[in-house]
Amino acid sequence: MSALEVSSMTVRFGGHQALSEVSLAVDQGKVVGLIGPNGAGKTTLFNAVCGVVTPTSGSVRLMGRDVSGIPTHKRARLGLGRTFQRLEVFASLSVADNVRAGIEIRRTWERRGSTARQYLASGEDLPTEAEVQVILDRLGLSELADVSVGALPTGQARLVELGRALGARPSVLLLDEPASGLDDNETADFGKLLIELAGAGLGILLVEHDVGLVMSVCEQIYVLDFGSVIASGDPDTVRSNEAVVAAYLGAGT
Ligand SMILES: Nc1ncnc2c1ncn2[C@@H]1O[C@H](COP(=O)(O)OP(=O)(O)O)[C@@H](O)[C@H]1O
Ligand SMILES: [Mg+2]
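Just so you know, these numbers come straight off a predicted model, no measurement behind them. (Residues numbered from 1 in each chain as written. Chains lettered and ligands numbered in written order. Predicted model: local features only at pLDDT ≥ 70, side-chain atom pairs only at ≥ 80, totals over all residues.)

A separate point is the overall build of the chain. Counting its regular elements, the chain contains ten helices and ten strands. Here the C-alpha atoms of the chain give a radius of gyration of 18 Å, agreeing with the 18 Å that 2.2 N^0.38 yields for 253 residues. Principal-axis analysis of the C-alpha atoms gives the chain an extent of 50 × 40 × 30 Å. When the 253 residues of the chain are sorted by exposure, 44% land in the buried category. (Helix = DSSP H or I, 4+ residues; strand = E, 2+ residues; numbered from the N terminus. Rg over C-alpha atoms; globule rule 2.2 N^0.38 Å. Buried ≥ 20, exposed ≤ 12 C-beta atoms within 10 Å, placed from the backbone.)

Right, dumping it as structure tokens:
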């Protein structure tokens with residue numbers, strides 16, 4: 001059973017078809033890449049998976065359960081987490097409070113409380129403050145715990161957003177360009193973190209323009225162009241696909 005399964009998803013905005021019959025799957029414990037040019041429909045796919053956008057047709061299954069008809073907040077409660085291309089953080093709150101917010105929201109979801117694992121703490125159930133600390137430590141944000149997020153550079157604010165998402169203990173995490181704004185060292189650390197999270201069982205769908213990062217952390221990659229999947233497979237398969245080179249990668253990647 002895949003953690004996330006999208007089947008034949010089509011999304012139209014008026015006369016514009018943003019997604020055409022897109023199918024993809026993310027298994028537990030895997031980082032799966034979704035790449036393609038600007039405007040290809042990557043963010044629209046995330047929005048449709050979350051239920052923010054209503055698809056014309058197609059279905060979404062989360063841990064085997066069809067969630068196509070249910071509202072966004074219930075999908076979150078069932079274990080769907082995400083971060084946003086245009087960063088969604090509580091800018092006036094501190095770094096620690098942003099992470100705490102994710103945890104506190106989860107604590108009100110009693111239904112998931114007993115089953116969700118903390119992927120950074122081997123499944124242990126920790127008191128809130130200890131869990132905030134585990135997440136901040138792992139994201140390298142401990143020294144910034146009391147800093148207001150609005151004062152941080154974008155790259156670090158993106159990590160805070162990831163921390164908030166992890167606080168909710170998702171089973172599937174959708175990351176929309178999480179490495180934009182990170183420098184090379186930070187990106188390398190971020191890649192290691194993604195592998196560690198997946199190694200603990202989380203299913204991750206990664207949208208990212210840093211092709212080097214995608215190729216190094218993903219076992220499976222889907223390529224979207226004009227709303228359709230034009231190729232999928234392991235990094236070598238995708239890298240050598242002529243349609244992908246023409247549409248997105250260019251020669252010499
Ligand atoms: N809410 C919307 N209303 C109308 N068109 C939209 C909306 N959201 C996205 N689009 C269009 O759908 C296409 C795909 O956009 P998007 O999913 O943001 O692409 P990507 O994330 O791959 O860059 C673009 O042509 C974009 O302009
Ligand atoms: Mg986008």
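Summarising the sheet, strand 9 (residues 220-225) and strand 10 (residues 228-233) pair through five bridges and their orientation is antiparallel. Bridging across to strand 10, isoleucine 221 finds its partner in glycine 233. Hairpin connection between strand 9 and strand 10: a loop of two residues separates the two successive antiparallel strands, and phenylalanine 226 in this loop has a positive phi of roughly 45 degrees. (Pairing = 2+ DSSP bridges.)

So, about the domain arrangement of the chain. Annotation of the chain at the domain level lists domain 1 (1-23 + 45-69), domain 2 (79-218) and domain 3 (220-253). Taking only C-alpha atoms into account, the centre of domain 2 sits 28 Å from that of domain 3. The partner domain 3 presents six residues to the four residues of domain 2 that form the contact. Its residues placed into classes, the side of domain 2 that touches domain 3 shows four nonpolar, no polar and no charged. (Domains from an automatic or database assignment. Contact = placed C-beta atoms within 7 Å. Nonpolar A, V, L, I, M, F, W, Y, C, P; charged D, E, K, R; others polar.)

The subject of this paragraph is the site of ligand 1. The local shell around ligand 1 consists of Phe13, His16, Ala18, Gly36, Asn38, Gly39, Ala40, Gly41, Lys42, Thr43 and Thr44. Where the shell around ligand 1 is concerned, the elements lending two or more residues are strand 2 (16-26) and helix 1 (42-50). The dominant element in the shell around ligand 1, judged by the number of residues it contributes, is helix 1, at three residues. A breakdown of the residues in the shell around ligand 1 according to their chemical character gives three nonpolar, seven polar and one charged. (Near = placed C-beta within 6 Å.)

Taken together, six strands build an open sheet; the order of strands is 6-7-8-3-9-10 and the sheet is mixed. At either margin of the open sheet sits one strand with a lone partner, and together these are strand 6 (80-82) and strand 10. Between one strand axis and the next, the sheet turns by 20 degrees as a mean value, whatever way the strands run. Of the strands in this sheet, strand 3 (31-35), strand 6, strand 7 (172-176), strand 8 (203-207) and strand 9 are in contact with helix 1, which crosses strand 7 at around 150 degrees. (Axes fitted to C-alpha atoms, helices over the stretch in contact; angles between N-to-C directions.)

Over its 14 residues, helix 6 (residues 154-167) runs 20 Å from end to end, which matches the ideal 20 Å to within 8%, given 1.5 Å per residue. By the criterion of burial, helix 6 is predominantly enclosed, with twelve of the 14 residues buried. Those residues of helix 6 not exposed but buried are Gln156, Ala157, Arg158, Leu159, Val160, Glu161, Leu162, Gly163, Arg164, Ala165, Leu166 and Gly167. Elements that come into contact with the buried residues of helix 6 comprise strand 6, helix 3 (95-107), helix 5 (128-139) and strand 7. (Expected span 1.5 Å × (residues − 1).)

Here tryptophan 109 shows up in the loop between helix 3 and helix 4 (110-113). When the C-alpha atoms of tryptophan 109 and leucine 78 are compared, they prove to be 9.3 Å apart, with 31 residues separating the residues in sequence.

Bringing the nonpolar core into the picture now. Soluble globular proteins tend to bury their nonpolar side chains together. Counting 73 residues, the largest nonpolar core has Ile204, Leu206 and Val223 as its most contacted members. Looking at which element gives the most residues to this core, the answer is helix 6, with six residues. Sequence-distant contacts of isoleucine 204, that is, excluding residues within four places in its chain, are made with Val31, Val32, Leu173, Leu175, Leu194, Leu197 and Ala198. (Core = buried A, V, L, I, M, F, W, Y, C linked by C-beta atoms within 7 Å.)

All right, on to the sheet that holds strand 1 (residues 4-13) then. Strand order across the open sheet formed by four strands is 2-1-4-5, with antiparallel pairing between neighbours. The open sheet terminates on both sides in strands that have one partner only, identified here as strand 2 and strand 5 (65-66). Sheet topology places strand 4 (residues 57-62) next to strand 5; two bridges connect them, and they run antiparallel. Across the sheet, leucine 62 pairs through a bridge with arginine 65, a residue of strand 5.

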